[in-house]
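Coordinate analysis (summary)
One letter stands for each residue in the lines below.
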Amino acid sequence: MKALSRLAGYLPIVVLASRNVSRSSARSALAVTAVVIGVVAVGGVGLGGEAFTQDQLEAYEGFGGVATVSQLESPDESTEPDGTFSDQEINRLRQTAGGATVIPIVRPDNGTVRTPDGEALFTVQVKSMSEPSRFYELQSGSFPSTSRAVIIGSRVASDNDLTIGDEITISTDSFTRSFRVAGILNGQGFSDPLSADRSVFIPVGQFDDPTYREALVQVDSRGESLDQVVNAIDEEFNSRERTVFVNEVNRQREQLESTLRQINLFLLGLGTVSLLVAAVTITNTMLMTIAEREGELGVLRAVGYGKSAVVKLVIAEATMLGAVGVAIGVPLTLGIGAGINYVLLNDPLAFTSAGLTYVMFGAALGLGIALVAGVYPAWRAATRKPVEALD
């Protein structure tokens, strides 16, 4: 009951504050707009950053428990290592990895892809690996069932208008052959360890003497841990001289995620500046409103309205501007976030808890800044003597 009585006591102030805000509709609208922009800037940056992070981290989904192993090149070309793995070294790697699966990656020298029209695609990489379905999913088509079929990256397909069934020509130092496009991979983003978006994968059997540039080592979740396998490879190949570089894909993922979070926080800081602009706008609005209502406030003080009551009234007006701005800004931010989610993730409701936290932070900051922005005008209005205000 006491709480309800206290709330009822504030009701006249709220009603009076609402009336006063509506009297200066143009200035109030500008102040509300400033708050809306601030809330959208903070919340939008947060939601957009989270959606972009999810989009980029999706490239690692098929690479859980995987490490990439690449051989270091020797500055002296006449000595080993030369940056490639031989069949013997791949077998040695398999023995060292124990129960883990080792999949060598072929990157032929001077690989060139030509479209059905004969146009050379110099930015497209030619690669080969066994069992690409272990790591990738297709947006259309199927994985090759014949030796003269290939799968292509999403960017290769979209940038060059390639579809299932098209015939492309691939040239390397050892052959020039035509292949049919059997499947198109889902988009992977720039963080994919094999850059699949801009690659064409051909069957390993097309190479008489394949050149292995790197290998993927994948552990079974029921077997050894990836750290144990990585340590074993490092001990076997790098005990005397560092000859291979082993990089856990999950660590790449963690580094990328950390970098994207830092960028998002930086952009969030820039978005917060817009709320400071909103604070200045609200302060200016309230000061101008008080200057116009000096006589009215003087009458209130003269009939017994206390300083605290005047402070509450002015702060209530400022807070009301912030509340209206937040009420408009939050739905607008969620709408923008849904649009970003649809574009990047194909799911407008793919909000994360971290993204929604940014929205709540923007709303709380907008409301808090509006309240603080009303403190100085409220103090000026309350300390003004009734006689001076009535002059």
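No experiment lies behind these values; they were computed from the predicted model shown. (Residues numbered from 1 in each chain as written. Predicted model: local features only at pLDDT ≥ 70, side-chain atom pairs only at ≥ 80, totals over all residues. Heavy atoms only, no water.)

Quick word on the overall build of the protein chain
- Each helix and strand counted, the protein chain has 11 helices and 12 strands in total.
- Intrachain contacts of the protein chain at a sequence separation of at least 6 include 80% that bridge at least 24 residues.
- About 19900 Å² of surface is accessible on the protein chain, with carbon and sulfur atoms providing 55% of the total. (Helix = DSSP H or I, 4+ residues; strand = E, 2+ residues; numbered from the N terminus. Contact = heavy atoms within 4.5 Å. Areas by Shrake-Rupley, 256 points an atom, 1.4 Å probe, with all protein chains shown as cover.)

Looking at helix 8 (residues 307-345)
- The terminal C-alpha atoms of helix 8 lie 54 Å apart, and with 39 residues this matches the ideal 57 Å at 1.5 Å per residue to within 8%.
- Positioned one or two residues after helix 8, N346 has a phi angle of 60 degrees, which is positive. (Expected span 1.5 Å × (residues − 1).)

Section: the side chain of E89
- With respect to the helices and strands, E89 occurs in helix 3 (residues 87-97).
- Comment: no salt bridge for buried E89; closest opposite-charge side chain is R92, at 5.5 Å.
- A distance of 3.2 Å separates polar atoms of two side chains, one belonging to E89 and the other to Q71.
- A polar atom in the side chain of E89 sits 2.8 Å from the backbone nitrogen of S86.
- Once you skip the residues sitting within four places of it in the chain, E89 turns out to touch Q71, T84 and F237. (Buried < 20%, exposed > 50% of the residue type's maximum accessible area, 1.4 Å probe, protein only. Lys, Arg positive; Asp, Glu negative; His and termini not counted. Salt bridge = Lys/Arg side-chain N within 4 Å of Asp/Glu carboxyl O. Polar contact = N/O pair within 3.5 Å; in protein donor to acceptor, adjacent residues only side chain to side chain.)

Here we look at helix 5 (residues 226-238)
- Relative to the 18 Å expected for 13 residues at 1.5 Å per residue, helix 5 spans 17 Å between its end C-alpha atoms, a close match to the ideal helical length.
- Buried residues along helix 5 sit against strand 1 (66-71), helix 3, strand 11 (212-218) and strand 12 (244-248).

Details of the packing of helix 8 against helix 9 (residues 353-373)
- Contact geometry of helix 8 with helix 9 gives a least axis separation of 7 Å together with a crossing angle of 160 degrees. By the angle between their axes, helix 8 is roughly antiparallel relative to helix 9. Seen along the crossing, helix 8 lies across helix 9 with a hand that is right-handed. Residue-level inspection shows I315, A318, T319, G322, A323, V326, V330, T333 and L334 of helix 8 in contact with helix 9, the latter providing L356, V359, A363, G366, L367, A370 and L371.
- Taken together, the residues of the contact of helix 8 with helix 9 sort by class into 12 nonpolar, four polar and no charged. (Axes fitted to C-alpha atoms, helices over the stretch in contact; angles between N-to-C directions. Parallel < 35°, antiparallel > 145°, perpendicular 65-115°, else oblique. Left-handed = near helix turned anticlockwise from the far one by under 90°. Nonpolar A, V, L, I, M, F, W, Y, C, P; charged D, E, K, R; others polar.)

Observations regarding the packing of aromatic side chains
- Counted by the stated rule, this structure contains three aromatic pairs.
- On the numbers, 6.0 Å between centres and 45 degrees between planes, the contact of Y136 with F201 is tilted. You can see Y136 sitting in the loop between strand 5 (125-127) and strand 6 (138-141) and its partner F201 sitting in strand 10 (residues 199-201), a full 65 residues away along the chain. F201 matches Y136 in its accessibility class, with the two residues each being buried.
- Pairwise contacts between aromatic rings join F175, F179 and F207 into one cluster.
- Taking the ring centre of F179 as reference, the NZ or CZ of R148 above it sits at 5.4 Å. (Phe/Tyr/Trp six-rings, centres within 6.5 Å; stacked < 30°, edge-to-face > 60°. Lys NZ or Arg CZ within 6 Å of the ring centre and 35° of its normal.)

Regarding the side chain of D55
- Structurally, D55 can be placed in helix 2 (residues 25-57).
- Despite its burial, D55 pairs with no opposite charge, the nearest such side chain being R155 at 9.8 Å.
- The residues touching D55, leaving out its near neighbours within four places in the chain, are L344 and L345.

Things to note about the pattern of salt bridges
- Summed over the entire model, instances satisfying the criterion amount to eight salt bridges.
- Here E50 ties to R261 by a salt bridge, and the two come within 2.2 Å at their closest N and O atoms. One end of the pair, E50, is in helix 2; the other, R261, is in helix 6 (residues 249-292), with 211 residues separating them in the sequence.
- The exposure class assigned to R261 is partly exposed, which follows from its relative accessible area of 27%.
- One salt bridge connects R155 with D159, and the closest N-O pair in it is separated by 3.5 Å. Taken as a pair, R155 and D159 lie in helix 4 (residues 154-160) at a separation of four residues, close to a single helical turn.
- For R155, a relative accessible area of 37% corresponds to the partly exposed category.
- Put simply, E50, E257 and R261 are held in one network by salt bridges that share partners.

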